[in-house]
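One letter stands for each residue in the lines below.
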Amino acid sequence: MRVIAGKHRGRVLAEFKGKDIRPTSDRAKEAVFNILQTIIVGSDFLDLYCGSGNMGIEALSRGANPTFVDKSPESVALTKKNLEKIKENAPVYTSDALSFINSVKVKFDVIFLDPPYKDNAEEVLKSIIRCGVLKSDGIIIYEHSGESRDAEGLERYDTRKYGVATFDFYRTEVLK
């Protein structure tokens, strides 16, 4: 797992051992950030369910201001280790996604969700809208390997598939 572009391009990041954690592949990460290239610089980027911090660190390398959240102490420790490895600082929180979304007081331009298979992404999507955590022109990217989710107040405007991973892109629904 490496940083694809930006000021930390080519840096190799630490990964989890084994197959229990599935990081976003380099190919998929590159494709997603190619889509985001016009909005990533200076954006407030939330890496929810951050795992190793792979996506948020890519965002940081490309000029974003990332915030990392994961309920696993092991994930938080690995994310901090990867930030130290590239000599960067960013907020890293040990929290479940819903608790964080329900308590955070800032808004984000980009929210990236890559929840574990058993997590309830639909409830998190609903909470993002209910709590006003997404800026009015912001986007949510939901990575999954199953079915797409819909949430009231969000419009799924694009879906991309890279290998076994599917990425749904959402924005705030415009009232007609």
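Quick caveat: nothing in here was measured; it's all calculated off a predicted structure. (Residues numbered from 1 in each chain as written. Predicted model: local features only at pLDDT ≥ 70, side-chain atom pairs only at ≥ 80, totals over all residues. Heavy atoms only, no water.)

A. Highlighting the overall build of the chain. In terms of helices and strands, the chain carries five helices and seven strands. Going residue by residue from the N terminus, the α and β elements of the chain occur as α-β-α-β-α-β-α-β-α-β-β-β. The C-alpha atoms of the chain give 15 Å as radius of gyration, which agrees with the globular expectation for 176 residues (16 Å, within 12%). If you line up the chain on its principal axes, its C-alpha atoms span 45 × 30 × 30 Å. Considering the chain as a whole, with its 176 residues, one finds that 49% of them fall into the buried category. When contacts within the chain are restricted to residue pairs at least 6 apart in sequence, those whose partners lie at least 24 apart make up 61%. As displayed, the chain has an accessible area near 9,200 Å², and 49% of this comes from carbon and sulfur atoms. Side-chain charges in the chain split into 27 positive and 26 negative, and the spacing between the mean points of these groups amounts to 5 Å. (Helix = DSSP H or I, 4+ residues; strand = E, 2+ residues; numbered from the N terminus. Rg over C-alpha atoms; globule rule 2.2 N^0.38 Å. Buried < 20%, exposed > 50% of the residue type's maximum accessible area, 1.4 Å probe, protein only. Contact = heavy atoms within 4.5 Å. Areas by Shrake-Rupley, 256 points an atom, 1.4 Å probe, with all protein chains shown as cover. Lys, Arg positive; Asp, Glu negative; His and termini not counted. Charge placed at Lys NZ, Arg CZ, Asp CG, Glu CD.)

B. Up close: the packing of aromatic side chains. One pass over the structure, following the stated rule, counts four aromatic pairs. Here the aromatic rings of Tyr 93 and Phe 100 are separated by 5.3 Å at their centres, their planes lie at 45°, and the arrangement is tilted. Assessed through its relative accessible area of 41%, Tyr 93 is described here as partly exposed. Its guanidinium or amino end placed over the ring of Tyr 157, Arg 171 lies 4.2 Å from that ring's centre, counting from NZ or CZ. (Phe/Tyr/Trp six-rings, centres within 6.5 Å; stacked < 30°, edge-to-face > 60°. Lys NZ or Arg CZ within 6 Å of the ring centre and 35° of its normal.)

C. Region of the structure containing the side chain of Ser 52. Mapped onto the elements, Ser 52 comes out in the loop between strand E1 (44-48) and helix H2 (54-61). Using a relative accessible area of 6% as the deciding quantity, one classes Ser 52 as buried. A distance of 3.5 Å separates the side chain of Ser 52 from the backbone nitrogen of Asn 54, its partner in a polar contact. In this structure, Ser 52 is in contact with Met 1, Ala 14, Phe 16, Ile 57, Leu 78, Thr 79 and Asn 82, ignoring residues within four places of it in sequence. (Polar contact = N/O pair within 3.5 Å; in protein donor to acceptor, adjacent residues only side chain to side chain.)

D. Focus on a positive patch on the surface. A contiguous patch of positive charge on the surface is contributed by Arg 11, Lys 17, Lys 81, Lys 85 and Lys 87. As for its position among the elements, Lys 81 is in helix H3 (residues 73-85). On the basis of relative accessible area, Lys 81 is assigned to the partly exposed category, the value being 49%. (Patch = residues over 30% accessible without salt bridge, like charges linked within 9 Å, V, L, I, M, F, W, Y side chains within 5 Å. Salt bridge = Lys/Arg side-chain N within 4 Å of Asp/Glu carboxyl O.)

E. How the structure looks around H2. The element H2 is extensively covered by neighbouring structure, given that eight of its eight residues are classed as buried. Along H2, the residues classified as buried are Asn 54, Met 55, Gly 56, Ile 57, Glu 58, Ala 59, Leu 60 and Ser 61. On its buried face, H2 is in contact with helix H1 (26-36), E1, strand E2 (65-70), H3 and strand E4 (108-113). Gly 63 lies just past H2 and shows a positive phi near 105°.

F. Quick look at the packing of H1 against H2. Two elements in contact, H1 and H2, have axes separated by 11 Å at closest approach and are oriented at 45°. Between H1 and H2, the angle falls in the class oblique. The two elements H1 and H2 meet at a crossing, and its hand is right-handed. Contacts from Lys 29, Val 32 and Phe 33 of H1 reach H2 at Asn 54, Met 55, Glu 58 and Ala 59. For the contact of H1 with H2, the class distribution of residues is four nonpolar, one polar and two charged. (Axes fitted to C-alpha atoms, helices over the stretch in contact; angles between N-to-C directions. Parallel < 35°, antiparallel > 145°, perpendicular 65-115°, else oblique. Left-handed = near helix turned anticlockwise from the far one by under 90°. Nonpolar A, V, L, I, M, F, W, Y, C, P; charged D, E, K, R; others polar.)

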